[in-house]
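One letter stands for each residue in the lines below.
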Amino acid sequence: MEYLNNFLKSNYKIDEEHIKFVNEVKTDLYNRFEELQDIRQYNTLKVLKAMQDEYLGATDFNWTTGYGYGDIGRDKTERIYANIFNTEDALVRPTIASGTHAINLCLSGLLKSGDHLLEISGTPYDTLLEVIGLEGDIEGTLIGNGVEYGEVDLIDDDFDYENILKSIKSNTKLIAIQRSTGYSDRKALSIDKIKKIITTIKKKYHDIPIFIDNCYGEFTDYFEPSDFGADIMAGSLIKNPGGGLAYSGGYIVGKKDLIHRVAKRLTAPGIEKECGLTFGQTRTILQGLSIAPMIVNQALKGAILIGEVYKRLGFKIVPDTFDKRSDIILGIEFKNPKYLIAFCRAMQEAAAVDSYVVPEAWEMPGYEDKVIMASGSFIDGSSIEISADGPMRDPFFAYYQGGLTFEQCILACLISLRNLKSIGAI
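Residues numbered from 1 in each chain as written. Predicted model: local features only at pLDDT ≥ 70, side-chain atom pairs only at ≥ 80, totals over all residues. Heavy atoms only, no water.

(A) Local environment of the environment of Gly-144. Mapped onto the elements of the fold, Gly-144 is located in the loop between α6 (126–132) and β3 (148–151). Separated by 189 residues in the primary sequence, Gly-144 and Glu-333 place their C-alpha atoms 36 Å from one another. (Helix = DSSP H or I, 4+ residues; strand = E, 2+ residues; numbered from the N terminus.)

(B) Fine view of the packing of aromatic side chains. Counted according to the given criterion, the structure contains 18 aromatic pairs. Judged by centre distance (5.5 Å) and plane angle (40°), the ring pair of Tyr-81 and Tyr-251 falls under tilted. One end of the pair, Tyr-81, is in helix α4 (residues 72–84); the other, Tyr-251, is in strand β7 (residues 250–254), with 170 residues separating them in the sequence. No difference in accessibility class separates Tyr-81 from Tyr-251, as the two residues are buried. Here the aromatic cluster, defined as three or more aromatic residues joined through ring pairs, consists of Tyr-81, Phe-85, Phe-219 and Tyr-251. For the cation-ring pair, Lys-301 lies above Phe-33, with the distance from its terminal atom to the ring centre recorded as 5.4 Å. (Phe/Tyr/Trp six-rings, centres within 6.5 Å; stacked < 30°, edge-to-face > 60°. Buried < 20%, exposed > 50% of the residue type's maximum accessible area, 1.4 Å probe, protein only. Lys NZ or Arg CZ within 6 Å of the ring centre and 35° of its normal.)

(C) How the structure looks around empty space enclosed by the protein. Considering all chains together, one arrives at four cavities of 30 Å³ or more under this definition. Residue lining of the largest cavity: Ile-103, Leu-107, Leu-117, Glu-119, Pro-124, Leu-128, Ile-132, Ala-176, Ile-177, Gln-178, Phe-211 and Asp-213, and that is the complete set. The set of elements that each furnish at least two residues to the lining of the largest cavity consists of α5 (99–110), β2 (116–119), α6, β4 (172–178) and β5 (210–213). When its residues are assigned to classes, the lining of the largest cavity shows nine nonpolar, one polar and two charged. Put simply, the second largest cavity is a space of about 40 Å³. Taken together, Leu-36, Ile-39, Arg-40, Phe-219, Pro-293, Val-296, Asn-297 and Leu-300 form the lining of the second largest cavity. Contributions of two or more residues to the lining of the second largest cavity are made by α3 (30–53) and α10 (282–312). Of all the elements, α10 adds the most residues to the lining of the second largest cavity, at four residues. (1 Å grid on protein atoms, 1.4 Å probe; cavity = no way out; pocket = protein on both sides within 12 Å on 5 of 7 lines; lining within 4 Å. Points joined across faces, edges and corners; volume = space filled by probe spheres on them. Nonpolar A, V, L, I, M, F, W, Y, C, P; charged D, E, K, R; others polar.)

(D) Quick peek at the side chain of Thr-127. Mapped onto the fold, Thr-127 is located in helix α6. In this structure Thr-127 comes out as buried when scored by relative accessible area, which is 14%. One polar contact links Thr-127 to Thr-100, side chain to side chain, over a distance of 3.0 Å. (Polar contact = N/O pair within 3.5 Å; in protein donor to acceptor, adjacent residues only side chain to side chain.)

(E) Region of interest: the nonpolar core. Grouped together as the largest cluster of nonpolar side chains are 104 residues, with contacts concentrated most on Phe-159, Tyr-310, Phe-334 and Phe-343. With 14 residues, α10 is the single largest residue contributor to this core. Leaving out residues up to four positions away in the same chain, Phe-343 has contacts with Ile-306, Tyr-310, Ile-332, Phe-334, Ala-388, Ala-398, Tyr-400, Ser-416 and Leu-420. Leu-110, Leu-128, Phe-211 and Ile-259 belong to the second-largest nonpolar core, a separate cluster that totals 27 residues. (Core = buried A, V, L, I, M, F, W, Y, C linked by side-chain atoms within 4.5 Å. Contact = heavy atoms within 4.5 Å.)

(F) Region of interest: the sheet that holds strand β12 (residues 397–401). Read across the open sheet, the five strands follow the order β8-β9-β12-β11-β10; overall the sheet is antiparallel. Every other strand in the sheet has two partners, leaving β8 (316–318) and β10 (371–375) as the edge strands with one partner each. If you compare each strand with its neighbour and ignore which way they point, the axes differ by 20° on average. As paired strands, strand β11 (residues 387–391) and β12 are joined by three bridges and run antiparallel to one another. Following the sheet pairing, Ser-387 is matched in β12 by Gln-401. (Pairing = 2+ DSSP bridges. Axes fitted to C-alpha atoms, helices over the stretch in contact; angles between N-to-C directions.)

(G) Expanded view of the layout of surface pockets. As a volume, the largest pocket reaches approximately 920 Å³. What lines the largest pocket is a set of 37 residues, among which Tyr-125, Lys-239, Tyr-367, Met-373 and Gly-381 lie closest to the centre. Mapped by element, the contributors of at least two residues to the lining of the largest pocket are α5, α6, β10, β11 and β12. A breakdown of the residues in the lining of the largest pocket according to their chemical character gives 17 nonpolar, 15 polar and five charged.

(H) Structural detail: the pairing of β4. Most of β4 sits out of view: six of its seven residues are buried. For β2 and β4, the ladder comprises four bridges, and the chain directions are parallel. Its bridge partner being in β4, Leu-118 is matched across the sheet by Ile-175. In this structure, β4 lies alongside β5, joined through four bridges in parallel fashion. For Ile-177, the partnering residue across the bridge sits in β5 and is Ile-212.

(I) Structural view of the sheet that holds β7. Across the sheet, seven strands lie side by side as β1-β7-β6-β5-β4-β2-β3; this open sheet has mixed pairing. Only two strands of the sheet have a single neighbouring strand rather than two, namely β1 (89–93) and β3. The sheet shows a mean angle of 15° between the axes of neighbouring strands, taken without regard to direction. Relative to the sheet, helix α8 (residues 191–204) contacts β4 and β5, its axis offset from that of β5 by approximately 160°.

Next comes the structure, spelled out in structure tokens:
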């Protein structure tokens, strides 16, 4: 401990009091961290068993060129994902650029003019507002293409069951749920709550597909929404399931007929899943998946530690330290733009890549407000690596996520305390 403390003090100018404070918090959280170990082990074994069930072999990492016909590794990867998420079929492609892209493929592939989309977890994440057509140029959006949109707000971080059932119409063709918090002050929706609302809807409207934006939620619980009747889900490979190794990509898992319809949008009718080059990424996609439960565990421990540190300093955090987790994101309410900026800059300084870069708020595409975003990552934009961001709007929440190792999360926490102390925030 002496060597470690001296290293922190001499190389990062960390105060002795901050080192002692964070170590005390870490010790106090021992039992909380132990609770997460069973989830990590369960999901690790689930992933390994899926790879074994599909007879994953070294030759599956070979790849084709051109159209990508006969890519055995690509097809096997998709069977592995379907196995893990307990679904009939899957699309896992490096050419899906982001989580938003994967979600847009689902929404645009499953909805046509005159159909009604009902979002039942409140207003979705900022980047989806332009996908739907609620902001920006309406051309090419869902609303621009004739899709009708409605939403039902949450009540105290839970579904409004009565209004949801009232809002379902004869032309409702898809019901959507965003599992994670997004840029809001609500908690991520737990698997138990998602299970309950799916069961409630399916009792009366069993033919309407339920879609889950599963970004940031994978492997944070024993189960996924698809285990309890979600018809189709989507997420990003540079978040939880990529394990910090996937270069790019997204996944979509669900019922076979729905995946078939989405695949028509991914490629073209008549082609669907049968082509699509993997560019040699099958190995890293699956290697990342194999360690993803462990990486998610490290990120969760980091979020819980940093959250408890800032809670003890008097800041509001979402979720609370001992709340059941359903995503890797921690929200810290700073109520001051300078504090938000200082915190995000600390996350950048703790990164292995681009640690010398100083983040500034800027007008990012797809966002209404300026956003400050710290992400010093080996994979550009990877939010399973240590990162933090937040819109420059009141009450100035920082959204922290990721961390490939718990040790890096601790360092980020210590640097943030140093930075906020320097500006009088703590």
